[in-house]
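Per-entry structural report
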Amino acid sequence: MPELPEVETIVNDLKKNILKKKISGVEILKKKIVRNSPQTFKKTLVGDSFQKIFRRGKYIFIELKNADKTIVVHLRMTGQLIYQKDKKIVAGGHSQGDELEFSNKHTHVIINFKDKSQLFYNDVRQFGFWQLISSDEMAELDNKIGIEPLSREFSYVYFKNLLTDKNSNIKSFLLDQKFIAGLGNIYVDEALFLSRISPYRRLNTLNNKEILSLHRAIKNILAKAIFSRGTTFNDYVDASGNKGSFLAFLNVYQRDKKKCKRCKKENIKKVKIAGRGTRYCPACQK
DNA sequence: CTTCTTGTTACTGA
DNA sequence: ATCAGTAACAAGAA
């Protein structure tokens, strides 16, 4: 499940590879993924090039150079963006043994560049999407997305003000993209663990010390996960098709029924909160 | 066979 | 207005 660190990793990888290259062709293999008509989408892209790529929350924005349009991509649960240079054919006709083929039956969009390199969009569950939008639509979308948790603007004071006068459950609040952008199920559970706060808590019961601790935990966990190039336990891979290595550092996610690494007293428990599978330590998260 | 999973939106009802 | 709950989307794993 790509959350902020995974999307950040993909975008940083793609930044090195897909910009300023002429697009020679576009293949749309599953129509529902692209929210524009295939004709419009192809006509806009072919002959143009990508000028800029950046992340906002879990969204990826790719600006075109000539057309006054931006592509927005959301990977939802199982979307992958994988860049592949053209397959080199070794003399003798057989391809190199460790050459990976990244297109498969779940490849729904392919961008072909003039230099023969390719960008694949794979998505097992097909919930992700691509859409060409105007700068107005882009501003509108940007407005709906909350603050970037790694930005300077996301200060302790900002966080505290965001919580003030709200009465919701902490878990659903942290997952809500209109408040803070980019947190998903994994990093919300991990941040709550780090700050020793139970996922059952309500916002108006948090004291200053807890708010400070949670604010620090959010920044911390995201920065560390980016450094490890994200968390892979099934679908997520970076733009080269490689797994992220943050799984080993997780304290609660995917550790149900395993002993808490911190207090070593109880096992990590899995419950359902805000409609989401939630993992926490009943002994050290209060 | 059924149930569960995940991100997001839409909808319903308190 | 705010908040919670659920369905829907698709495919695969258990």
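Report follows, based on the coordinates.

About the thresholds
Residues numbered from 1 in each chain as written. Chains lettered and ligands numbered in written order. Predicted model: local features only at pLDDT ≥ 70, side-chain atom pairs only at ≥ 80, totals over all residues. Heavy atoms only, no water. Salt bridge = Lys/Arg side-chain N within 4 Å of Asp/Glu carboxyl O. Helix = DSSP H or I, 4+ residues; strand = E, 2+ residues; numbered from the N terminus. Buried < 20%, exposed > 50% of the residue type's maximum accessible area, 1.4 Å probe, protein only. Axes fitted to C-alpha atoms, helices over the stretch in contact; angles between N-to-C directions. Parallel < 35°, antiparallel > 145°, perpendicular 65-115°, else oblique. Left-handed = near helix turned anticlockwise from the far one by under 90°. Contact = heavy atoms within 4.5 Å. Nonpolar A, V, L, I, M, F, W, Y, C, P; charged D, E, K, R; others polar.

Within the structure shown, the criterion is met by eleven salt bridges. The partner of Asp13 in a salt bridge is Arg229, and the shortest N-O contact between them spans 2.7 Å. Remark: Arg229 occurs in the loop between α7 (208–227) and β9 (269–273) and Asp13 occurs in helix α1 (residues 4–17); sequence separation between them is 216 residues. Judged by relative accessible area, which is 6%, Asp13 ranks as buried. Given a relative accessible area of 33%, Arg229 falls into the partly exposed group. Asp142 is the salt-bridge partner of Arg56, the closest N and O atoms lying 2.7 Å from each other. Residue Arg56 is found in strand β2 (residues 50–56), and its partner Asp142 is found in helix α3 (residues 135–144); the two are separated by 86 residues along the sequence. Residue classification places Asp142 among the partly exposed residues on the basis of a relative accessible area of 33%. Through salt bridges with shared partners, one network takes in Glu8, Arg55, Arg56, Asp142 and Glu148.

Before going further, it helps to examine the packing of α1 against α7. For the pair α1 and α7, interaxial distance at closest approach is 9 Å and the crossing angle is 40°. Between α1 and α7, the interaxial angle falls into the category oblique. Helix-helix and strand crossings are classified by hand; for α1 and α7 the assignment is right-handed. Note on element contacts: α7 touches α1 through Leu222, Ala225 and Ile226, opposite Leu4, Pro5, Glu8 and Thr9. Considered class by class, the residues forming the contact of α1 with α7 number five nonpolar, one polar and one charged.

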